[in-house]
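# Structural features, examined
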Amino acid sequence: MNFDNVIDDLQKMEGLLLKSIKAGSDIRFESVDRKGRKVWLLPKVGRLKSRPFSELERIWEALCKESAIHVDKVLGGSGSSRNQPETLMANLPYVEWCYIQGKKHLVLKPEPTHHYGTLKQLDDMEALELAERLSAPVRSKSGQVIIVSTNVAYAAGEFQKATGIRLETEGDGIYIQEHSDVRVTMVPQNVLEYPLSPGTYLVIQGNSAPEGARPVRINGEPFYAVTGNGLNMLVSLG
């Protein structure tokens, strides 16, 4: 199923009042404008508004790639306006929703589970298993690199310009992306309990803490820093 099919399905909801996961934020879905590549909707409070296809496509691509997605994170921000594309996608019959760590998440199901223009909350047991799986430390199959920066927003922008790879925000100013089986984590120096020097650190799996290594926790995961003589390395024992 591709994004064009999603637009076809969104068109089936034209004229419907769509219930929002967030109470009091329901919207009336007016129309799909294929030529202008946008959709038109009417919030419960406010004027007629449009949302671009590109925004919905980013959500769809994330749904296809991830077990569960937080729309604010996918779209790179937060606020009430993010609730509108979230509502559109959640009302599709093959998308369900749940709370993970207190935040709304959308989940793509392999088959339709409810009617067009309705919401369906993920089964409690499935949501619990999903939350536990997502909370476990994630490591790439081939490698992990952690970049410590004094200006992480600037560094993330330069990274994107140089590579074409967009880093996703994770909270506390942290950016994360997986590319070619390498997990890249960019973290502000000032959020670390132990202030690592700015630089790029290779993550290596170890069996025990290296002698004299300094412990540091990054994005909730413990590491041991080994630095000096041109070496920037973080040892993970997990």
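Everything that follows concerns the structure shown earlier in this document.
Below is a summary of the structure that appears in this document. (Residues numbered from 1 in each chain as written. Predicted model: local features only at pLDDT ≥ 70, side-chain atom pairs only at ≥ 80, totals over all residues. Heavy atoms only, no water.)

### Observations concerning the overall build of the protein chain
Secondary structure summary: the protein chain contains 6 helices and 14 strands in total. Along the longest, intermediate and shortest principal axes, the C-alpha atoms of the protein chain span 65 × 40 × 30 Å. In the protein chain, buried positions account for 41% of the 238 residues. When the accessible surface of the protein chain is totalled, it reaches about 13,100 Å², and 49% of it is carbon and sulfur. Side-chain charges in the protein chain split into 28 positive and 29 negative, and the spacing between the mean points of these groups amounts to 6 Å. (Helix = DSSP H or I, 4+ residues; strand = E, 2+ residues; numbered from the N terminus. Buried < 20%, exposed > 50% of the residue type's maximum accessible area, 1.4 Å probe, protein only. Areas by Shrake-Rupley, 256 points an atom, 1.4 Å probe, with all protein chains shown as cover. Lys, Arg positive; Asp, Glu negative; His and termini not counted. Charge placed at Lys NZ, Arg CZ, Asp CG, Glu CD.)

### Thoughts on the pattern of salt bridges
In total, this model carries 8 salt bridges according to the counting rule given. The shortest N-O distance in the salt bridge between Glu-86 and Lys-104 comes to 2.9 Å. A residue pair is termed long-range when its members are at least 10 positions apart, and Glu-86 in helix H4 (residues 83-90) and Lys-104 in strand S6 (residues 103-108) qualify at 18 residues. Taking the relative accessible area as the measure of exposure, Lys-104 reaches 18% and is therefore buried. (Salt bridge = Lys/Arg side-chain N within 4 Å of Asp/Glu carboxyl O.)

### Here we look at helix H1 (residues 3-11)
The complete set of buried residues in H1 reads Phe-3, Val-6, Ile-7, Asp-9 and Leu-10. All buried residues of H1 fall inside an arc of 160° around its axis, so they share one side. A distance of 3.1 Å separates the backbone nitrogen of Asp-4 from a side-chain oxygen at the start of H1, and that oxygen is part of Asn-2. (Arc of directions from axis to C-beta. Polar contact = N/O pair within 3.5 Å; in protein donor to acceptor, adjacent residues only side chain to side chain.)

### As for the side chain of Thr-87
For Thr-87, the location among the structural elements is in helix H4. Here Thr-87 falls in the buried class, since its relative accessible area comes to 2%. Within the local environment of Thr-87, its side chain forms a polar contact with the side chain of Ser-20, the two groups lying 3.3 Å apart. Excluding residues that lie within four positions of it along the chain, Thr-87 makes contacts with Leu-18, Lys-19, Ser-20 and Ile-27. (Contact = heavy atoms within 4.5 Å.)

### Overview of the nonpolar core
If you look at the biggest cluster of nonpolar residues, it comprises 30 residues, and the most contacted ones within it are Leu-10, Leu-88, Met-89 and Leu-106. Counting only elements with at least two residues in this core, the list comes to H1, strand S2 (27-33), strand S3 (38-43), helix H2 (53-65), helix H3 (71-74), H4 and strand S5 (95-100). Counting residues per element, this core draws most heavily on H2, which supplies 6 residues. With sequence-adjacent residues up to four places away left out, Leu-106 is seen in contact with Ile-21, Leu-63, Ala-68, Ile-69, Val-71, Glu-86, Met-89, Ala-90, Val-95, Glu-96 and Trp-97. Ranked by size, the runner-up nonpolar core spans 14 residues in total, among them Ile-146, Ile-174, Val-203 and Leu-234. (Core = buried A, V, L, I, M, F, W, Y, C linked by side-chain atoms within 4.5 Å.)

### Comments concerning the sheet that holds strand S4 (residues 49-52)
As summarised here, the arrangement of the 4 strands in space is S1-S2-S3-S4, forming an open sheet in which the pairing is antiparallel. On the outer flanks of this sheet lie strand S1 (17-18) and S4, each paired with one strand and no other. Relative to S4, S3 runs antiparallel, the two being bridged by 4 bridges. From the neighbouring strand, Lys-38 faces S4, where its bridge partner is Pro-52. (Pairing = 2+ DSSP bridges.)

### As for the environment of Ala-155
Examined against the element boundaries, Ala-155 turns out to sit in helix H6 (residues 152-163). A residue is classified by how much of its surface remains accessible, and Ala-155, at 19% relative accessible area, is buried. A C-alpha to C-alpha distance of 15 Å links Ala-155 and Ser-197, two positions 42 residues apart in sequence.

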